[in-house]
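Spelled out from the first residue to the last, the chains are:
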Amino acid sequence: SGCGKTRVRAPQTMATKENFGSVQEYVDFTGGTKAIQKVLIANNGAGAVKAIRSIRRWAYEMFGNERMISFVVMATPEDMRANAEYVHKPPP
């Protein structure tokens, strides 16, 4: 269906973090065409935090580095004043 959602194909072979040194290597292995390096999080609250944590956990399992995918988040002034968890800057 053309709902604007991107379909992601599961890899044919179980991959481990020892297999891939980069996102591009993973994409090539799974038959993809474009490596995603950055994800826009345009939601706030628990959903945003859960999405970021899930992607970071996956990146750590695949690449041994949870920061292989970076995030851009949209935040309201209220989110900033409340020091919302999903808006925090990552450690250097």
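I will try to describe carefully the structure that is included in this document. What you see is a predicted model; the values in this text were computed from it and never measured. (Residues numbered from 1 in each chain as written. Predicted model: local features only at pLDDT ≥ 70, side-chain atom pairs only at ≥ 80, totals over all residues. Heavy atoms only, no water.)

## Side note on the pairing of strand β2 (residues 70–73)
Here's step 1: Sheet analysis places strand β1 (residues 38–41) next to β2, joined by four bridges and oriented parallel. Each bridged residue has a counterpart across the sheet, and for K38 the counterpart in β2 is S70.
Here's step 2: Crossover β1 to β2 through helix α2 (residues 46–63) is right-handed. (Pairing = 2+ DSSP bridges. Helix = DSSP H or I, 4+ residues; strand = E, 2+ residues; numbered from the N terminus. Right-handed = clockwise from strand over helix to strand, strands pointing away.)

## Some words on the pattern of salt bridges
Here's step 1: Tallying each qualifying case throughout the model produces two salt bridges.
Here's step 2: A salt bridge links R67 to E66; the nearest nitrogen and oxygen atoms lie 3.6 Å apart. (Salt bridge = Lys/Arg side-chain N within 4 Å of Asp/Glu carboxyl O.)

## Points about the environment of G45
Here's step 1: Its location among the elements puts G45 in the loop between β1 and α2.
Here's step 2: Taking the C-alpha atoms as reference, G45 lies 8.7 Å from D79; in sequence the two are 34 residues apart.

As far as function goes, none of this settles anything; it's purely spatial.
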